[in-house]
Amino acid sequence: MKLAVIGCGYVGLVTGVCFAELGHTVIGVDNDPSKIRALREGKSPIYEPGLEPLLAAHLREGRIRFTESIQEAAKECEVLFICVGTPPLPDGRADLQAVEYVVSEIAEGMDSYRLIVEKSTVPVRTGRWLEDLVRSKVKNISFDIASNPEFLREGSAVGDFLHPDRVVIGCNSEKAASLLVNLYTPLNAPVLVTDLASAELIKHASNSFLAMKISYINAVAQVCEKTGADINKVAVGLGLDKRIGPDFLKAGIGYGGTCFPKDLRAFVSIAEECGLDFGLLKEVEKVNDAMWQGFVRKIDDMLGGVSGKTIALLGLAFKPNTDDMRFAPSIPIAQTLLQMGAKVKTYDPVAMENAKKVLPHLQYCSDAYETVDGADAVAILTEWNEFKTLDLNMVKERMKGNAFADGRNLFAPERIEQMGYAYVGIGRSWPGMALPLSV
Ligand code: UDX
């Protein structure tokens, strides 16, 4: 099949390249000329493992090409995926300006039946609004609007696309359903076909649930800290219950990234527009903020005040295997430490260029060992593999102090303390620890 992805960011580029991998012919559209130039040369503007080799291979084979013109894609392709950003407005609602523009351009360019698919996350009932928008612009040409939400994790997006838990297709016409089902047939994945509104809602409901699961384990971690229980063991015990499952039960400094913070707020706003107060999700956000705030407090307590001290932050990206800094907990942590008078040194394997734009006042280092040089405290903010294999004796030798703040519970506390560090993690306890028991 011949299809277009409009918007070549994380979602669009991965979607386009993976559809080419499935044997379809793809046109990628983006309004950024420098991005189009790079893509035509086989260079991915984003860091996503496995993406660039696939992009290069399918460019060579002519299965994917790139253009700046939406109308050109609308003329040539029967199926068009909307993959442009839907960033949050100040009140939490999704900004649909880019989606509106894309769909208007498609309507200008289409000359026969077209299937327009929402891939970007949009609020429920956006499809209905887009139907009206297209109908107001084209006469005597049939079309369908469908929802096919993405569930791609950054860092493993290619694998997630090619081996999904499920493909969700929402539409109100059989023709649209069968076109989309056929596109995904090579995947052999479970496909759920629903009405348009239900598919739109599944996306917000899924991401909010996952964020809720993380905040739940983080809230339990806070209870562990006060009672001498260990969150890592508690999470295993919880996760062995099949109804709960072991995933998304890692306690830490909170979730970040483009999806969870934004989708949670959007879902709260959608509920509000319907006259409902989704208070449960507001609490999820509060717990998430409490995690980075509590982590800063722990570092401050360990050092008897961070003012004038040097803190080494290892990892900045909101999670490993991505250079994405959007909504990363490292941002408020670093900003707060600076405001409190600390000197902040840092290293991240791939996110430093993006980090410099939002955190210009940190001292950026070329590796973890340079970062900890002369530091009073080291704090792990992202669980990159290379931090798991650090020579912690060498780290200790190069540090001035011995405070070790493990924001991702990467290390066994006893082992760290045996090396002469003072350890704090998230919800951890171990034999012999000094315990602030409250009960
Ligand atoms: C997420 C969803 O997983 C994906 O389905 C959706 O389409 C987009 O949003 P992503 O944001 O790339 O993907 O990352 P994910 O791996 O889900 O992690 C999100 C955040 O949650 C990260 O900051 C991560 O550190 C945090 N997290 C995740 C935890 O703190 N604990 C966990 O147990 C899992």
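See the structure above.
Residues numbered from 1 in each chain as written. Predicted model: local features only at pLDDT ≥ 70, side-chain atom pairs only at ≥ 80, totals over all residues. Heavy atoms only, no water.

**So, helix 13 (residues 330–339)**
We apply this condition: Here's how the labels work: a residue is buried when its accessible area is under 20% of the maximum for its type, exposed when over 50%, partly exposed in between, all with a 1.4 Å probe on protein chains only. Secondary structure follows DSSP: runs of H or I at least 4 residues long count as helices, runs of E at least 2 residues long count as strands, and numbering of each begins at the N terminus. Any two residues whose heavy atoms approach within 4.5 Å at even a single point are treated as in contact.
Of the residues making up helix 13, those classed as buried are Ser 330, Ile 331, Ile 333, Ala 334, Thr 336 and Leu 337. Here the buried face of helix 13 lies against helix 12 (279–303), strand 9 (310–314), strand 10 (343–347) and helix 14 (352–358). Immediately beyond the C-terminal end of helix 13, within one or two residues, lies Gly 341, with a positive phi of roughly 95°.

**Quick look at the environment of Leu 51**
Inspection of the secondary structure puts Leu 51 in helix 3 (residues 51–60). Here the alpha-carbon distance between Leu 51 and Gly 159, two residues 108 residues apart in the chain, equals 9.8 Å. Setting aside anything within four residues of it in sequence, one finds Leu 51 in contact with Leu 13, Val 14, Val 17, Ser 44, Ile 46 and Val 158.

**Points about the sheet that holds strand 12 (residues 377–380)**
For the record, the criterion: In this analysis, strands are considered paired if DSSP registers two or more bridges between them. Convention adopted: a line fitted to C-alpha atoms gives each axis, helices being fitted over their contacting stretch, and angles between N-to-C directions are expressed from 0 to 180 degrees.
In space, the 6 strands of this open sheet follow the order 11-10-9-12-13-14, with parallel pairing throughout. At either margin of the open sheet sits one strand with a lone partner, and together these are strand 11 (363–364) and strand 14 (422–424). Set on the sheet, helix 12 makes contact with strand 9, strand 12, strand 13 (403–406) and strand 14; between it and strand 13 the angle comes to about 170°.

**Structural notes on the sheet that holds strand 5 (residues 114–118)**
One open sheet accounts for 8 strands, arranged 3-2-1-4-5-6-7-8; its pairing is mixed. Of all the strands in the sheet, the pair left with one neighbour each is strand 3 (64–67) and strand 8 (191–194). Between one strand and the next, the sheet's axes are offset by a mean angle of 25°, whatever the strand orientation. Across 4 bridges, strand 1 (residues 2–6) lies against strand 4 (residues 79–82) in parallel orientation. In the sheet register, Val 5 faces strand 4, and the bridge partner there is Phe 81. Running at roughly 165° to strand 4, helix 5 (residues 97–109) makes contact with strand 1, strand 4 and strand 5 of the sheet.

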